[in-house]
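These are the residues of each chain, in order.
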Amino acid sequence: MILRILTLLLAALVIGCAPLLLDDGQLSLGMEMLVTFVICAMWNVLAGYGGLVSLGHQAWFGIGGYAVFIASNALNVNPLWLLPLAALVPALIALVLTPLLFRLKDAYFAIGSWVLAEVFYILVQRSDALGGITGMPLFTGGMLGASIYAQVFWVAGGLALAVLVLSYLVLRSGFGLGLMSVRDNEVAAASIGVNVRRNRRLVYAVSAAGVGLAGAVYLIPNYFIQPGIAFSADWTVIMTFVVVIGGIGTLEGPILGTLIYFAIRQGVTDGLGLSGSWYLVALGALAVATMLMAPKGLWPILRDRLHLDWLSVRRPWPGRPDRAPHHQAPAE
Amino acid sequence: MDVIQIERLEAFYGDMQALFGVSLGLRAGETFALVGANGAGKSTLMRALVGLVRDRRGHIRLGGEELIATSPEQIARAGIALVPEGRQLFASLTVEENLQMGAMNRRRGPWDLEAIYGLFPVLRERRRQMAVTMSGGQQQMVAIGRALMANPRVLLCDELSLGLAPVIVSQIYDSFARIRAEGMSMIIVEQDIERAIAVSDRMACLLHGQVTLRVEDTARVDIDALSAAYFGE
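Quick caveat, the model's predicted, so the values are computed rather than measured.

A few words now on the pairing of strand β2 (residues 16-27) of chain B. All names here are of chain B. Relative to β2, strand β1 (residues 2-13) runs antiparallel, the two being bridged by nine bridges. Residue pairing for β2: Asp2 is matched across the bridge by Arg27. Once β1 ends, the chain turns through two residues before running back antiparallel as β2, passing Gly14 with a positive phi of about 60 degrees.

Below, the structure written as structure tokens:
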């Protein structure tokens with residue numbers, strides 16, 4: 001436990017000091033890495049622990065971004081202060097839509113979530129008020145001043161650490177155990193009193209909120225939001241590939257996957273000088289190879305080889321009878 | 001008064017009706033056996049009692065409380081626990097985590113981890129092991145333990161002996177004496193008629209979704225009548 005806290009403090013220190021040492025370009029790349037980790041971690045919580053494979057998570061990325069851009073322009077307020085909206089709006093929309101979406105199971109859910117994302121994409125594209133296909137500027141961008149990259153980097157860093165700590169705590173709790181039980185065996189979970197539907201709605205909404213936050217943080221320093229970028233299916237492609245390569249259903253997997261993703265991207269684009277989307281081809285090839293040769297991803301292999309057990313959520317039972325007194329049996 | 005009263009219970013899978021007006025009562029502290037051929041509706045009855053078959057009509061009363069329209073999680077909290085056919089353990093969880101899952105509904109009672117480990121000592125030795133990597137008999141112990149952890153008022157056991165060696169089945173049924181000593185009321189589904197007769201106080205035979213025979217005292221079973229009820233002659 002002490003090791004974990006020390007690592008966390010070290011990470012916080014590095015993120016805190018980085019803007020003193022890095023230039024804007026490097027900070028921008030660093031922010032992108034942190035944001036990528038966040039969306040991948042949120043997708044992993046949903047797919048790897050909740051058993052819900054969403055192929056439409058770009059919807060929340062875009063909605064989070066648009067929520068902050070619209071509100072900031074309308075209220076003339078610093079967009080960073082409005083970030084809570086980037087979590088709240090996606091979460092609320094997700095909660096409203098889940099009764100419909102959860103009628104679909106497994107592969108149908110995956111496709112259904114994708115269709116939903118496309119619907120949002122098209123709606124925004126068709127909306128003249130939101131600038132349609134060309135998008136809209138962030139008029140309040142100037143409020144952030146010259147240190148915008150440092151500010152956004154810090155926010156992204158704080159978000160990444162928060163996601164890591166909260167996922168760890170939640171997954172170790174009774175709720176986390178309930179979540180994993182639903183993924184393992186829905187029928188058995190229901191029969192011992194797990195509220196399957198409520199658990200899934202909650203984790204879906206939290207996942208949407210995290211991705212929405214990440215989307216807003218990523219888009220703010222562009223001073224401009226475009227539906228083609230905000231709702232790009234590439235975001236979900238990156239989430240799935242990174243998580244599959246890193247290790248689905250482990251907290252460390254998205255960290256490792258994100259590092260590999262950026263190593264490949266920088267290596268292919270800068271190192272080999274191959275422009276465009278060639279790095280995505282390389283990433284896809286690695287994902288396929290991983291699925292064939294190490295279906296659990298690379299982190300479990302690394303963990304077993306090196307005997308690491310940094311963020312495993314194997315837990316002592318934290319169940320306290322005071323948690324839900326109204327569930328207790330009447331005196332007999 | 002009966003712990004569970006089942007009255008004119010009907011259950012459906014889509015357009016297909018699987019139970020046709022089943023009425024049964026379970027007395028406090030007794031073990032009640034359900035026998036019948038494959039497809040007779042025994043498992044459907046169990047699943048309907050815990051709400052896993054949602055399309056059902058009639059009455060299911062637990063201590064007078066009507067449960068016919070309640071969700072599986074509410075029924076679990078009300079105090080009916082099922083040891084499902086095929087065990088249905090959680091594949092990514094350890095033995096201990098599987099057991100702890102049973103305590104999700106936080107009912108109070110005599111069954112906690114210590115009590116389960118007392119009942120099945122081998123589970124204590126293996127509590128950090130992934131549950132599905134154990135032998136079938138040990139997995140069945142986890143499934144029973146998980147259901148007991150809920151401290152139910154009624155324990156339902158669906159085909160405990162499925163796919164297990166006879167000697168293992170005997171070991172598992174030996175644990176029933178301890179469970180009964182805690183005052184548990186149980187309904188068991190069992191393919192092995194002799195064993196069903198041996199462990200139960202009363203029994204009923206199902207055929208085509210209906211009760212074809214009730215045995216009020218399993219010490220005096222008319223084998224010919226049971227055979228007729230079983231095969232529908």
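Of the residues in chain B, 100% reach a pLDDT of 70 or more, and the chain-wide mean stands at 92. Here the complex is predicted with pTM 0.79, and the ipTM for its interfaces comes to 0.70.

Moving on to the packing of helix α2 (residues 24-49) of chain A against helix α12 (residues 253-271) of chain A. Residue and element names in this part refer to chain A. Where α2 meets α12, the closest approach of the two axes is 9 Å, and the angle between their N-to-C directions is 135 degrees. Looking at the two axes, α2 sits oblique to α12. The two elements α2 and α12 cross, and the hand of that crossing is right-handed. For the pair α2 and α12, the contacting residues are Leu29, Glu32, Met33, Thr36, Phe37, Cys40, Ala41 and Asn44 in the first and Pro254, Ile255, Thr258, Leu259, Tyr261, Phe262, Arg265 and Gln266 in the second.

Mapped onto this numbering, the UniProt entry gives "transmembrane region" (unreviewed entry) at residues 33-52, 59-75, 81-102, 107-124, 144-171, 202-225, 237-264 and 276-294 of chain A. Along residues 237-264 of chain A, the helical share is 79% and the strand share 0%, with 15 Å between the first and last C-alpha atoms.

Residues and elements named next belong to chain A. Each domain of chain A was delimited in the assignment, giving domain 1 (22-232) and domain 2 (233-312). Taken together, the two surfaces of domain 1 and domain 2 that pack against each other cover about 2,300 Å², and 75% of this comes from carbon and sulfur. Taken together, the links from domain 1 to domain 2 amount to one salt bridge. Put simply, Arg265 and Glu32 hold a salt bridge, and the shortest N to O gap is 2.6 Å. For the side of domain 1 that touches domain 2, the element with the most residues is α2, which contributes 13 residues. Of the residues in the side of domain 1 that touches domain 2, the class split is 19 nonpolar, nine polar and two charged.

Moving on to the confidence of the model for chain A. Taken over all residues, the pLDDT of chain A has a mean of 88, while the share at 70 or more is 94%. In this model, residues 315-332 of chain A is a region of pLDDT below 50 whose contacts with residues beyond four sequence positions or in other chains number 32 contacts.

Residue and element names in this part refer to chain B. An order of β2-β1-β4-β5 is seen for the four strands of this open sheet, with the pairing classed as antiparallel. Each having just a single partner strand, β2 and β5 (65-66) make up the two edges of the open sheet. Taken together, the six bridges between β1 and strand β4 (residues 56-62) define a ladder with antiparallel strand orientation. When the sheet's bridge partners are listed, Glu7 is paired in β4 with His59.

Let us look at the pairing of strand β9 (residues 202-207) of chain B. Residues and elements named next belong to chain B. The buried count for β9 comes to six of six residues, which makes it a mostly enclosed element. Alternating residues of β9 divide into Arg202, Ala204 and Leu206 and Met203, Cys205 and Leu207, and every residue in both groups is buried. Here strand β3 (residues 31-36) runs beside β9; their pairing, made up of five bridges, is parallel. In the sheet register, Leu34 faces β9, and the bridge partner there is Ala204. Hairpin connection of β9 to strand β10 (residues 210-215): two residues between the antiparallel strands, including His208 at a positive phi of 50 degrees.

Moving on to the packing of helix α6 (residues 136-149) of chain B against helix α7 (residues 166-181) of chain B. Residue and element names in this part refer to chain B. Contact pair α6 / α7: the axes reach a minimum separation of 10 Å and the direction vectors enclose 20 degrees. Taken together, the axes of α6 and α7 are roughly parallel relative to one another. Where α6 crosses over α7, the handedness of that crossing is right-handed. Facing α6, whose interface residues are Gly137, Gln140, Met141, Ile144 and Leu148, α7 presents Ile168, Gln171, Ile172 and Ile179.

Here the structure, examined in full by the defined rule, presents 14 aromatic pairs over all chains. Centroid distance Phe102 of chain A to Tyr204 of chain A: 5.8 Å. Interplanar angle 75 degrees. Geometry classified as edge-to-face. Remark: Tyr204 of chain A occurs in helix α9 (residues 196-219) and Phe102 of chain A occurs in the loop between α4 (83-101) and α5 (106-126); sequence separation between them is 102 residues. With centroids separated by 4.8 Å and ring planes inclined at 75 degrees, the aromatic side chains of Tyr261 of chain A and Phe262 of chain A adopt a geometry described as edge-to-face. Its relative accessible area of 2% is what places Tyr261 of chain A among the buried residues. Of note, Arg265 of chain A hangs over the ring of Tyr279 of chain A, and the distance from its end group to the ring centre comes to 5.9 Å. Positioned over the ring face of Phe90 of chain B is Arg146 of chain B, at 4.9 Å from the centre of the ring.

Here is what the cut-offs are and how they apply
- Residues numbered from 1 in each chain as written.
- Chains lettered and ligands numbered in written order.
- Predicted model: local features only at pLDDT ≥ 70, side-chain atom pairs only at ≥ 80, totals over all residues.
- Heavy atoms only, no water.
- Pairing = 2+ DSSP bridges.
- Helix = DSSP H or I, 4+ residues; strand = E, 2+ residues; numbered from the N terminus.
- pLDDT = per-residue confidence, 0-100.
- Axes fitted to C-alpha atoms, helices over the stretch in contact; angles between N-to-C directions.
- Parallel < 35°, antiparallel > 145°, perpendicular 65-115°, else oblique.
- Left-handed = near helix turned anticlockwise from the far one by under 90°.
- Contact = heavy atoms within 4.5 Å.
- UniProt positions renumbered as here; feature names shortened; annotations may be inferred.
- Domains from an automatic or database assignment.
- Buried area = accessible area lost by both parts, 1.4 Å probe.
- Salt bridge = Lys/Arg side-chain N within 4 Å of Asp/Glu carboxyl O.
- Nonpolar A, V, L, I, M, F, W, Y, C, P; charged D, E, K, R; others polar.
- Buried < 20%, exposed > 50% of the residue type's maximum accessible area, 1.4 Å probe, protein only.
- Phe/Tyr/Trp six-rings, centres within 6.5 Å; stacked < 30°, edge-to-face > 60°.
- Lys NZ or Arg CZ within 6 Å of the ring centre and 35° of its normal.

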